[in-house]
Amino acid sequence: MRSNDTKERLTADLFYCPKDPRTGAMGDTWLYFHEGTYYLYYLARAGSNWDNISLATSADGVHWKEHGPILTKREKVTWMGTGSTWKSPNFERDGKWFMNYSEWTGPRQTIFFAESTNLVDWTPLGDEFEFVQDERWYKPDGRWDCIWTLPRPEGGFYGYWTATPKARGVFGFGQSVDGVRWEALEPPETPGVPEGEVGAVERIGDRYYMLFGTSGHMITLTADRPEGPFRPAPKNLRVLAGYTYFARFFPSPDGLLVNHHSCGASVHFGTLKTPLVDAEGTLRLGWWRGNEALKQGRMLIRPEWENSASAGPLAFLKPACDVSRGMILEGTLPIPQRRDDPMVGLYLDSIQPGEGTLIQIHPSGVTSFGRIQADGSKVQAEKTYDREWSFGPKARFRLLLHDELLEFYLDDILLDCYRTPFRATGRIGVWNGAARPDVAEWRLWGILGNAQ
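Quick caveat, the model's predicted, so the values are computed rather than measured.

Draft legend 1. Structural view of the packing of aromatic side chains. A complete count under the given rule lists 35 aromatic pairs for this structure. Each ring, one from Y38 and one from F250, has its centre 6.3 Å from the other, and the planes form 80 degrees; the classification is edge-to-face. Of the two residues, Y38 is situated in strand β3 (residues 37-45) and F250 in strand β19 (residues 244-252); the sequence distance between them amounts to 212 residues. Judged by its relative accessible area of 1%, F250 falls in the buried class. A ring pair is formed by W86 and W182, whose centres lie 6.1 Å apart and whose planes are at 75 degrees; its orientation type is edge-to-face. Here the residue W86 occupies a position in strand β6 (residues 79-87), and W182 occupies one in strand β13 (residues 182-185), the gap between them amounting to 96 residues. Take W86: its relative accessible area is 3%, and that puts it in the buried class. Three or more aromatic residues link up through ring pairs in this structure, and these residues are W86, F113, F131, Y138, W144, F157, W161 and W182.

Draft legend 2. Looking closely at the environment of Y418. Considering the arrangement of structural elements, one finds Y418 in strand β33 (residues 413-419). Classification of Y418 by relative accessible area gives buried; the value is 1%. With 299 residues separating them along the chain, Y418 and L119 place their C-alpha atoms 32 Å apart. Ignoring any residue separated from it by four or fewer positions in sequence, one finds Y418 in contact with Y243, T357, F369, G370, E382, E404, L405 and L406. Of the polar contacts made by the side chain of Y418, one reaches the side chain of E382; its length is 2.6 Å.

Draft legend 3. Looking closely at the pattern of salt bridges. For the structure on display, the rule yields 30 salt bridges. Across the salt bridge formed by R181 and D178, the nearest N and O atoms sit 2.4 Å from each other. Relative accessible area serves as the criterion here: at 54%, R181 is assigned to the exposed category. Classification of D178 by relative accessible area gives buried; the value is 18%. The partner of E227 in a salt bridge is R225, with the nearest N and O atoms 3.7 Å apart. Ionic contacts of the salt-bridge type, sharing partners, join the residues E292, K295, E330, R396, R398 and D412 into one network.

Draft legend 4. Molecular detail of the pairing of strand β26 (residues 327-334). With six of eight residues buried, β26 lies mostly within the body of the structure. Alignment of β26 against strand β31 (residues 394-402), held across eight bridges, turns out to be antiparallel. Note that in β31 the partner of E330 across the bridge is R398. Direction of pairing for β26 relative to strand β35 (residues 443-446): antiparallel, over a ladder of four bridges.

Draft legend 5. A look at the nonpolar core. F113, F131, Y160, F171, M210, F212 and F230 are the most contacted members of the largest nonpolar core, which totals 76 residues. Listed in part, the 33 residues of the second largest apolar core include V323, A395, F408 and L415.

Draft legend 6. Highlighting the sheet that holds strand β7 (residues 97-105). Spatial ordering of the open sheet is given by β6-β7-β8-β9, a layout of four strands whose pairing is antiparallel. If you trace the sheet from one side to the other, it starts and ends with β6 and β9 (123-124), each paired once. Pairing analysis gives seven bridges linking β6 to β7, with the strands arranged antiparallel. Each bridged residue has a counterpart across the sheet, and for G81 the counterpart in β7 is S102.

Draft legend 7. Up close: the sheet that holds strand β10 (residues 144-151). Ordered by their spatial adjacency, four strands build an open sheet running β10-β11-β12-β13, and the pairing between neighbours is antiparallel. Either end of the sheet is taken by a strand with one partner, and the two such strands are β10 and β13. Strand-to-strand, the axes of this sheet are offset by a mean angle of 30 degrees, without reference to chain direction. Here strand β12 (residues 171-176) runs beside β13; their pairing, made up of four bridges, is antiparallel. Each residue of the ladder has a partner; that of F173, found in β13, is L185.

Draft legend 8. View of the environment of L410. Turning to its location among the elements, L410 is positioned in strand β32 (residues 405-410). Distance from L410 to T332, taken between C-alpha atoms, is 8.9 Å for residues 78 residues apart in sequence. If we skip the residues at most four places from it in the chain, L410 touches I335, I361, G365, T367, F391, A395, R396, F397 and L415.

Calculation rules
- Residues numbered from 1 in each chain as written.
- Predicted model: local features only at pLDDT ≥ 70, side-chain atom pairs only at ≥ 80, totals over all residues.
- Heavy atoms only, no water.
- Phe/Tyr/Trp six-rings, centres within 6.5 Å; stacked < 30°, edge-to-face > 60°.
- Helix = DSSP H or I, 4+ residues; strand = E, 2+ residues; numbered from the N terminus.
- Buried < 20%, exposed > 50% of the residue type's maximum accessible area, 1.4 Å probe, protein only.
- Contact = heavy atoms within 4.5 Å.
- Polar contact = N/O pair within 3.5 Å; in protein donor to acceptor, adjacent residues only side chain to side chain.
- Salt bridge = Lys/Arg side-chain N within 4 Å of Asp/Glu carboxyl O.
- Pairing = 2+ DSSP bridges.
- Core = buried A, V, L, I, M, F, W, Y, C linked by side-chain atoms within 4.5 Å.
- Axes fitted to C-alpha atoms, helices over the stretch in contact; angles between N-to-C directions.

As structure tokens, then:
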């Protein structure tokens, strides 16, 4: 339960990170929106193991007020696990919300529940509600974690969770009439899907989309029915593949949104994303218009070339920006259309002398992230992302940069998130300076500084 002496702080950094020592490091996140407030819950650890679930709230989805722990690990529990939040199917009568979380005690992980009437103060339910493995289909000492709910046509919920099935499938599936007493069912078939963790499931149009974590990536699985089978998406399979993890869906006033966390020197909360589903049913992540609220309070800056006579591979913009709170750079870049077209990219200077990060754009908008020397030599691509989308000869970009964490968009489609090898200085250049693009329409924004 929440302590009465909790200090609430409003943070305006580009990527939110809790500062309360009782919370400690943030892990998996999930959101719930109700009556004008975004409730951000996250698994955290103030000690050596995951030992609490903490809360932050926001009126706009970008500026967060930290509340601290709302649930903490019991004495005999080794560690806690992540969960999600849903409204009671009897809400009109009981006015409750429920949250699930797991506890690992001894050799076994099982699921528990808590309830709230205000989404801030939470009371654990008794051990009689403990949800354990059904050994007909699931290993008794396997994973059992994090129920994600969907409304069931006949009332109550379907649930999907991280589990270790004995035979078919790679995750758990079940149902509940009241939201806190759960029945496990036979796991859905998942042909071609490796082991992993359930992030979230939502119905978009006539299909069901699951965000599924495996090998450090979030991939998309799709199904025509809630019972499955769930199959890997044929295009843009790795919907998040950078230094990110545990993407989740949640409904908002702007429709369905996606959240995730990003891993730098510490774990931060990434900006909210809009799920984009094209005519083929392919899921991509896009820029959420609510993130425009990050830009208020600072003047627009028209970048100029630091050295307009430069004929080298790098030409720098001025002024540099303070990236300790974050910055957003927007403009237009040429997109190579053929393999022999000159490449183009953005250079991010780092605190490591003589070295920076290159965001390099290839034909069709395929984008790579990696290291480059400050003189434009020794390009080393570390990660390359193809969103399997056809970009035209020019595309509008958005670069979000906060210390060593960044997000990069083309035409408001997320290419991916990345962690630079060394913290960025805020000095930015364009690679292939001899053919540098016109920056007349570029804009540089600082982040509103209203921390309390």
